[in-house]
Amino acid sequence: MAEIGEPERRRILVPDETEPTPQVAPERREPTKVPAKEPA
Amino acid sequence: MNFLDIKAGDDVEVGTQIAFRFWRYVFPNHDAPLRLLSYVSPLRWRPKTPVEATSPDFEQQGIHGFKTMEDLLFAVRGDPSNLITRSKITGCDGVVVGSVALWGVVWEHSRGYRAQFAKPTSFSSAHGEGNVRALTELQTRFLQ
């Protein structure tokens with residue numbers, strides 16, 4: 001198929017049916033335990 | 001697609017470009033399913049699967065397609081049956097005409113395109129041995 005003529009322009013096409021971006025679950029972190037202060 | 005192929009200043013379009021092309025088909029031995037191959041290269045097209053070509057930024061690489069069916073017919077001197085002989089020389093049974101969706105880096109030419117990615121969207125006619133069976137099988141197995 002070499003008979004498509006002379007090149008005219010370069011295009012970038014992105015299909016609109018692209019797969020959704022995988023959702024990465026946020027890292028689960030345990031809350032830091034702060035030692036209770038001793039009453040003054 | 002590889003976003004490194006996008007250069008500064010490039011416009012990014014959302015969607016695909018429809019083009020028209022032809023392939024070779026072959027019925028393998030032992031009742032295996034029909035195989036679809038590019039007409040010039042040995043690239044095999046698999047059912048419902050996009051194909052990726054060498055970047056069309058490199059020389060004349062990429063998946064070729066014509067802008068219109070008239071452009072395709074002009075290239076084959078008005079009759080896709082003119083392509084059967086070469087397909088048989090390469091061990092295939094015939095040729096099939098159809099359309100593809102193109103995307104990624106797409107070089108637009110005066111009468112066609114060269115693209116990074118493609119997927120068949122229709123098969124309109126088949127020419128050669130078992131052409132009716134080939135067309136039915138392609139329309140059933142290769143299209144979503």
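What you see is a predicted model, and the numbers here were worked out from it, not measured in a lab.

## Thoughts on the overall build of chain B
At step 1: If you tally the helices and strands in chain B, you get three helices and eight strands.
At step 2: For chain B, the C-alpha radius of gyration of 15 Å lies close to 15 Å, the compact-globule estimate for 144 residues.
At step 3: For chain B, the residues scored as buried account for 47% of the 144 residues in total.
At step 4: Long-range contacts, defined here as pairs at least 24 residues apart, represent 66% of the contacts in chain B between residues at least 6 apart.

## Thoughts on the packing of aromatic side chains
All names here are of chain B.
At step 1: Counted according to the given criterion, the structure contains seven aromatic pairs over all chains.
At step 2: With a centroid separation of 5.8 Å and an interplanar angle of 75°, the aromatic rings of tyrosine 25 and phenylalanine 27 are classed as edge-to-face.
At step 3: For tyrosine 25, a relative accessible area of 0% corresponds to the buried category.
At step 4: The buried category is assigned to phenylalanine 27, whose relative accessible area is 15%.
At step 5: Here the aromatic cluster, defined as three or more aromatic residues joined through ring pairs, consists of Trp23, Trp45, Phe123 and Phe142.
At step 6: The ring of tyrosine 39 carries the charged tip of arginine 86 above its face, separated from the ring centre by 5.0 Å.

## Brief notes about the interface of chain A and chain B
Quoted interface sizes are often the accessible area lost when the parts come together.
At step 1: Residue-level contacts link 15 residues of chain A with 34 residues of chain B.
At step 2: Surface buried jointly by chain A and chain B totals about 2500 Å² across both partners, of which 56% is contributed by carbon and sulfur atoms.
At step 3: Counting across the interface, chain A meets chain B through six salt bridges.
At step 4: Its salt-bridge partner being A:Arg10, residue B:Asp57 comes within 2.9 Å of it at the nearest N-O pair.

## Focus on the nonpolar core
Residues and elements named next belong to chain B.
At step 1: Leu36, Trp45, Val96, Leu102 and Phe123 are the most contacted members of the largest nonpolar core, which has 27 residues in total.
At step 2: Every element with two or more residues in this core is listed here: β2 (17–26), β7 (94–109), β8 (112–128) and α3 (131–141).
At step 3: The leading source of residues in this core is β8, at six residues.
At step 4: With sequence-adjacent residues up to four places away left out, leucine 36 is seen in contact with Trp23, Arg24, Leu43, Arg44, Trp45, Val96, Phe123, Leu138 and Phe142.
At step 5: Listed in part, the 11 residues of the second largest apolar core include Leu72, Ala75, Val76 and Val97.

The rules behind each value
- Residues numbered from 1 in each chain as written.
- Chains lettered and ligands numbered in written order.
- Predicted model: local features only at pLDDT ≥ 70, side-chain atom pairs only at ≥ 80, totals over all residues.
- Heavy atoms only, no water.
- Helix = DSSP H or I, 4+ residues; strand = E, 2+ residues; numbered from the N terminus.
- Rg over C-alpha atoms; globule rule 2.2 N^0.38 Å.
- Buried < 20%, exposed > 50% of the residue type's maximum accessible area, 1.4 Å probe, protein only.
- Contact = heavy atoms within 4.5 Å.
- Phe/Tyr/Trp six-rings, centres within 6.5 Å; stacked < 30°, edge-to-face > 60°.
- Lys NZ or Arg CZ within 6 Å of the ring centre and 35° of its normal.
- Buried area = accessible area lost by both parts, 1.4 Å probe.
- Salt bridge = Lys/Arg side-chain N within 4 Å of Asp/Glu carboxyl O.
- Core = buried A, V, L, I, M, F, W, Y, C linked by side-chain atoms within 4.5 Å.

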